[in-house]
Amino acid sequence: MALIQLAPDARPTVWRGSLDWTEEGGSWQPWRLPPDRIATAHAPDLVTRARMPAGVRAVVRTDATALELRTHAVDDDVTSLDVVVDGALWRRTALTSGTETSHVTLPPGAKVVEVWLPQFGEIRIGPLVLHGATYATAATDEGFRWVTYGSSITQCRSASGPSETWPALVARRLGWDLTCLGFAGECHLDPIVARAITRTPADLISLCLGGNIYGAASFGARTLSGQVSGFIQTIRDAHPHVPIAVISPIVSPRRERLPNRAMMTLDDVRGAVTDAVTTLRRCGEARLHLVSGPSIFGLEDAHLLLPDSLHPTADGYRLMAARLAPRLAAIAPARSR
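My aim in this report is to walk through the structure given alongside it, one point at a time.

Once that is clear, we can look at the packing of helix H6 (residues 224-238) against helix H7 (residues 266-282). At their nearest, the axes of H6 and H7 sit 8 Å apart, and the two run at 45° to each other. Our classification of the angle between H6 and H7 gives oblique. When the axes of H6 and H7 are compared, the crossing they make is right-handed. On the side of H6, the interface is formed by Leu224, Ser225, Val228, Ser229, Ile232 and Gln233, while H7 contributes Val269, Ala272, Val273, Asp275, Ala276, Val277 and Leu280.

Structure below.
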């Protein structure tokens, strides 16, 4: 039996879901936007969110009897660390600020182990250490590659854990290789995000657009549809044959008819996103699809919102995953099914 250490910069890597890693103070920092271009974001909060490892996980086939992982969290906003064994949650460990090492005993025999980093909170890690292992190999190749972009409702801070955000649940159900670009409060069609998606291999791309744009009034009636259209076309130029699904905002009862600072209600924003997609489809974008947000989470589901009437609860995210999985699977190329 041996002790095996798996660092994020090893090749082939067992770590999935990040766009890059940088070494900082003897630890590795996961990035969900390219660190070499992050200064061009000109948005400090987006930079902070890009350092949060939503959807980043190790996937390893091994006979190890235990694992350990050193983490360093910047503050107490960090959520939990999930260990999944053969597809089922094995251990969930709450994390706090500072440096700590999580030790998890594993069941005997050969198995696939997934270690999901927190979906919220800025964190750096040490190598994944496997105890009592005779082998450890990457348990997945790139497989069917799914990139999804959105707001806090894609980052899913209030999910039960990082393996139970709606993107994680959909990816685990369908066996897809997830790259989650959910940035809480920071989904504003930023050019750095569009460029990141153009540089990321993908077999399906989904874009959940409009919630943050309403909240921050970052675009108005004159500009929103055009900005959505331009964002999609930038991605399309790099991925000419990849299906793109655009998900309009889910329901938020307090905001449906309440004008924001740009004098747009949430329903107006939903209409502008819808108009951009339908116009592009009329222009020949046959691989562009619209998913109505209220069909995924509607007024009848409002009891599954937090008191802010905006963010789903953990059960709300499970409901979104259950409804989105078959919708996205139907949009994906047949080989993914």
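Let's shift gears to the layout of surface pockets. Considered as a void within the structure, the largest pocket measures approximately 580 Å³ in volume. In this structure, the largest pocket is lined by 24 residues; those nearest its centre are Ser18, Leu19, Asp20, Thr200 and Pro201. Those elements that place two or more of their residues in the lining of the largest pocket are strand S2 (15-16), strand S3 (20-24), strand S13 (145-150) and strand S14 (177-182). Class assignment of the residues belonging to the lining of the largest pocket gives a composition of 10 nonpolar, 5 polar and 9 charged.

Let us look at the packing of aromatic side chains. Overall, the coordinates contain 6 aromatic pairs when judged by the stated rule. Ring geometry for Tyr149 and Phe231: centres 5.4 Å apart, planes at 20°, overall stacked. Taken together, the positions of Tyr149 in strand S13 and Phe231 in helix H6 put the pair 82 residues apart, joining distant regions of the chain. Counting every residue linked through ring pairs, the aromatic cluster contains Phe144, Trp146, Trp166 and Trp176. Geometry around Trp116 places Arg57 over its ring, the cationic atom sitting 5.4 Å from the centre.

Conventions adopted
Residues numbered from 1 in each chain as written. Predicted model: local features only at pLDDT ≥ 70, side-chain atom pairs only at ≥ 80, totals over all residues. Heavy atoms only, no water. Axes fitted to C-alpha atoms, helices over the stretch in contact; angles between N-to-C directions. Helix = DSSP H or I, 4+ residues; strand = E, 2+ residues; numbered from the N terminus. Parallel < 35°, antiparallel > 145°, perpendicular 65-115°, else oblique. Left-handed = near helix turned anticlockwise from the far one by under 90°. Contact = heavy atoms within 4.5 Å. 1 Å grid on protein atoms, 1.4 Å probe; cavity = no way out; pocket = protein on both sides within 12 Å on 5 of 7 lines; lining within 4 Å. Points joined across faces, edges and corners; volume = space filled by probe spheres on them. Nonpolar A, V, L, I, M, F, W, Y, C, P; charged D, E, K, R; others polar. Phe/Tyr/Trp six-rings, centres within 6.5 Å; stacked < 30°, edge-to-face > 60°. Lys NZ or Arg CZ within 6 Å of the ring centre and 35° of its normal.

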